[in-house]
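Report on the structure
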Amino acid sequence: MSGPRPDPDQVRPYVRTGGRTRPSADVRLESLVFARQGDRLGLSADARRVLGLFDHSGGGGLSVADVAAELGLPSSITRILVADLAGRELVTVARGHDDRRPISLMERVLNGLRAHA
Amino acid sequence: MASVLTPDRFVAPTVKESAKIVVAGSFGVGKTTFVASVSEVPPVRMEESVTGASERVDDLARTPAKTTTTVGVDFGRKHLSDDLVLYLFGTPGQARFGFLWQELVIGALGALVLVDPRDLEASHEILGLLEDHGVPFAVVVNLFDDAPRYPPAEIHEALALDAGTLLTECDARQPASCIEALIQLVEHLARDQHALES
């Protein structure tokens, strides 16, 4: 017997994302994804499934969380797939904010909530 | 095969920006009810396998045994204007969420912690986690029909909240009540952020 077998939870994401384990861009659960036209040759099956969700989007967007939930993929893998698609300009991503919590965004959220109160 | 998404699952093409608030609380406290009350679409469930080292050691292999559990997060969404949507993520917020917890809180404006006045003890873990991760939060008592009404000061003390922590209440079944709680939360967050930056 050789050493312990690799943990399948560690192996599978690595294979599924072509060796990448971190998204290159700042893609979050709430980041909004919009599909674009472009060359889809050579995309992985998972990447094609992501784009397939947008076939009837009418130009609308989905959050990364929606993509993960719909495809049954772990959110970490979904974030990497979306970042790669953004790198190939097959999607645009409306990014969230950095870790500072911007007051301007809070004020716009407040205005929106008050308009619906 | 992926199902065809209904048109309402997509945000408008005009949306440029999203904001996130975490709705945290213990099991059965009404998180998903709250999310559903605010959301334009029925809450969507995201499920993940979480693998963690168990405390038990497997004697045969002499390696730490691992446990895998599935954790679920229900989330909803509301357009606040033509170009801004708000996402609400309901989470039990337990330590076993591991990496998913990081993904939930990074970039969040803050957290709304729902508590059941009949079971305040159950909220200590989530409050501790939020404090450890530096996530600003407000505590909101869910007004269950059959729950006793305690003076807010007593709940504030029972939860060992800092003096500056906002405590308010809502009925998670009532959209207007939930929106009002969110307004109070974000006002509170904005005040704190102003104080930090000035």
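Residues numbered from 1 in each chain as written. Chains lettered and ligands numbered in written order. Predicted model: local features only at pLDDT ≥ 70, side-chain atom pairs only at ≥ 80, totals over all residues. Heavy atoms only, no water.

In the nomenclature of an unreviewed UniProt entry, chain B corresponds to ATP/GTP-binding protein from the organism Myceligenerans crystallogenes.

Taking an unreviewed UniProt entry as the reference, chain A is identified by name as DUF742 domain-containing protein belonging to Myceligenerans crystallogenes.

**Here's the deal with the interface of chain A and chain B**
Using the following cut-off: Contact definition: two residues touch when any of their heavy atoms are within 4.5 Å. The term buried area denotes the loss of accessible surface (1.4 Å probe radius) that occurs when two parts are joined, taken as the sum for both partners. Salt bridges are defined as contacts in which a side-chain nitrogen from Lys or Arg sits within 4 Å of a carboxyl oxygen from Asp or Glu. Two N or O atoms form a polar contact when they lie within 3.5 Å of each other; inside protein one atom must be a possible hydrogen donor and the other a possible acceptor, and for residues adjacent in sequence the pair counts only when both atoms belong to side chains. Three classes are used, and their members are as follows: Ala, Val, Leu, Ile, Met, Phe, Trp, Tyr, Cys and Pro are nonpolar, Asp, Glu, Lys and Arg are charged, and the others, Gly among them, are polar.
Listed as interface residues are 46 residues of chain A and, on the opposing side, 52 residues of chain B. Interface area, chain A with chain B, both sides summed: about 4,200 Å², of which 63% is carbon and sulfur. Inspection of the region where chain A meets chain B yields six salt bridges. Between the two partners, chain A and chain B, sit 10 residue pairs in polar contact (both at pLDDT 80 or more). Classifying every residue of the side of chain A that touches chain B by side-chain character gives 20 nonpolar, 13 polar and 13 charged.

**A short note on helix H4 (residues 75-87) of chain A**
Residue and element names in this part refer to chain A. Just so we agree on the cut-off: In DSSP terms, a helix is any run of H or I states spanning at least four residues, a strand is any run of E spanning at least two, and both are numbered starting from the N terminus. A helix is expected to reach a length of 1.5 Å times the quantity of its residues less one. Throughout, exposure labels follow a simple rule: accessible area from a 1.4 Å probe, protein chains only, divided by the maximum for the residue type, with under 20% read as buried, over 50% as exposed, and the rest as partly exposed.
The terminal C-alpha atoms of H4, which comprises 13 residues, lie 18 Å apart, in line with the 18 Å expected from a rise of 1.5 Å per residue. Every buried residue of H4 is listed here: Ser75, Ile77, Thr78, Arg79, Ile80, Leu81, Val82, Ala83, Leu85 and Ala86. Within two residues after H4, Glu89 carries a phi angle of roughly 60°, on the positive side.

**Thoughts on the pattern of salt bridges**
The tally for this structure, following the rule as stated, stands at 15 salt bridges over all chains. Across the pair Asp66(A) and Arg9(B) runs a salt bridge, and its minimum N-O distance is 3.0 Å. Remark: Arg9(B) occurs in the segment before strand S1 (17-24) and Asp66(A) occurs in helix H3 (residues 64-71); the pair is interchain, linking two chains. With relative accessibility at 5%, the residue Asp66(A) sits in the buried group. The salt bridge involving Glu70(A) is made with Arg9(B); its shortest N-O contact spans 3.3 Å.

**Observations concerning the environment of Glu17(B)**
Along the chain, Glu17(B) falls in strand S1. Classification of Glu17(B) by relative accessible area gives buried; the value is 13%. Put simply, Glu17(B) and Asp82(B) are 65 residues apart on the chain and 9.8 Å apart in space, counted from C-alpha to C-alpha. A polar contact of 2.3 Å, which involves the side chain of Glu17(B), links it to the side chain of Arg108(A).

**So, the sheet that holds strand S1 (residues 32-35) of chain A**
Residues and elements named next belong to chain A. Test applied: Strand pairing is defined by DSSP finding a minimum of two bridges between the two strands. Each axis is a line fitted through C-alpha atoms, taken for helices only over the stretch in contact, and angles between the N-to-C directions span 0 to 180 degrees.
With antiparallel pairing, the three strands of this open sheet are ordered in space as S2-S1-S3. Either end of the sheet is taken by a strand with one partner, and the two such strands are strand S2 (62-63) and strand S3 (91-94). When S1 meets S3, the two strands line up antiparallel, connected through four bridges. Bridge pairing in S3 places Val33 opposite Val93. Across the sheet, H4 is in contact with S1 and S3; its angle to S3 comes to roughly 115°.

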